[in-house]
Amino acid sequence: MNVLIDWVAELETGIDEIDKQHKVLVRMINNLHQAILKDETESAIKMIVHDMVVYVQMHFQTEEDLMDKYDYPLMALHKQEHSKFVAKTLDFKEASDRSEENISYKVMDYLQSWLVSHILDTDKNLGRYLLGKGV
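Everything quoted here is computed from the prediction, not taken from an experiment. (Residues numbered from 1 in each chain as written. Predicted model: local features only at pLDDT ≥ 70, side-chain atom pairs only at ≥ 80, totals over all residues. Heavy atoms only, no water.)

Let us look at the overall build of the protein chain. Check the secondary structure of the protein chain and you find four helices and zero strands. On C-alpha atoms alone, the protein chain measures out to a radius of gyration of 15 Å, which is about the 14 Å that the 2.2 N^0.38 rule sets for 135 residues. Expressed as lengths along the three principal axes of its C-alpha atoms, the size of the protein chain is roughly 45 × 30 × 20 Å. For the protein chain, with 135 residues in total, the buried portion stands at 43%. Contacts in the protein chain between residues far apart in sequence, at least 24 positions, make up 77% of those at least 6 positions apart. On the protein chain, roughly 7,400 Å² of surface is accessible, and the fraction owed to carbon and sulfur atoms is 51%. Separation of charge centres in the protein chain, based on 15 positive and 24 negative side chains, amounts to 2 Å. (Helix = DSSP H or I, 4+ residues; strand = E, 2+ residues; numbered from the N terminus. Rg over C-alpha atoms; globule rule 2.2 N^0.38 Å. Buried < 20%, exposed > 50% of the residue type's maximum accessible area, 1.4 Å probe, protein only. Contact = heavy atoms within 4.5 Å. Areas by Shrake-Rupley, 256 points an atom, 1.4 Å probe, with all protein chains shown as cover. Lys, Arg positive; Asp, Glu negative; His and termini not counted. Charge placed at Lys NZ, Arg CZ, Asp CG, Glu CD.)

Written as structure tokens, this is what we have:
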């Protein structure tokens, strides 16, 4: 299978539960990539967007519970990034429901950007903090 993103150690936060959930995001990006290559994007995008909605609800709750429990000092900024992602996800869901042209590419671009900016920066900082707290 031709994957767009391989899960590599650089993506790990050191917090097993968070890393497992991040792997879901990588899998969604790779599934979308495969759907585009196979020209199956209309049906695949609706499933992937649905999965994103489920993902953000579960994953963000996990992170926010940990931030609350361990009094993470950057919690407000981190939650703000989560809120922006949720809003964008809902926009993608609406666009998908309308069968908007090129939505699959927009979703893929956004997910890749999110992976780089949020996981490699924001979530890794959270991971370091939590590891320092003995999580």
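Following the structure, the description resumes.
This part covers the packing of helix H1 (residues 16–37) against helix H4 (residues 103–132). Helix-helix packing is described using two parameters, namely the angle between the two axes and the distance between the axes. Close contact between H1 and H4 brings their axes to 11 Å; oriented N to C, the two are set at 165°. Taken together, the axes of H1 and H4 lie roughly antiparallel to each other. Every pair of crossing elements has a handedness; the one defined by H1 and H4 is left-handed. Of the residues in H4, those in contact with Ile18, His22, Leu25, Val26, Ile29, Leu32, His33 and Ile36 of H1 are Ser104, Tyr105, Val107, Met108, Leu111, Gln112, Trp114, Leu115, Ile119, Asp123, Leu126 and Leu130. Residues that form the contact of H1 with H4 fall into these classes: 15 nonpolar, four polar and one charged. (Axes fitted to C-alpha atoms, helices over the stretch in contact; angles between N-to-C directions. Parallel < 35°, antiparallel > 145°, perpendicular 65-115°, else oblique. Left-handed = near helix turned anticlockwise from the far one by under 90°. Nonpolar A, V, L, I, M, F, W, Y, C, P; charged D, E, K, R; others polar.)

Now for the packing of aromatic side chains. Within the structure shown, the criterion is met by six aromatic pairs. Here the aromatic rings of Phe92 and Tyr110 are separated by 5.6 Å at their centres, their planes lie at 65°, and the arrangement is edge-to-face. One end of the pair, Phe92, is in helix H3 (residues 75–97); the other, Tyr110, is in helix H4, with 18 residues separating them in the sequence. Members of the aromatic cluster, each reached through a chain of ring pairs, are Phe60, Phe85, Phe92, Tyr110 and Trp114. (Phe/Tyr/Trp six-rings, centres within 6.5 Å; stacked < 30°, edge-to-face > 60°.)

This paragraph deals with unusual backbone geometry. A positive phi is found at Asp71, a non-glycine position, where the angle reads about 50°. Among the structural elements, Asp71 can be located in the loop between helix H2 (41–69) and H3. Taking relative accessible area as the criterion, Asp71 reaches 58% and is therefore assigned exposed. One non-glycine residue, Ser99, lies in the positive phi region at around 55°. Mapping Ser99 onto the fold places it in the loop between H3 and H4.

Right, let's talk about the confidence of the model for the protein chain for a bit. On average, residues of the protein chain score 88 in pLDDT, and 99% of them are at 70 or above. Mean pLDDT across the elements of the protein chain bottoms out in H2 (85) and peaks in H3 (90). (pLDDT = per-residue confidence, 0-100.)

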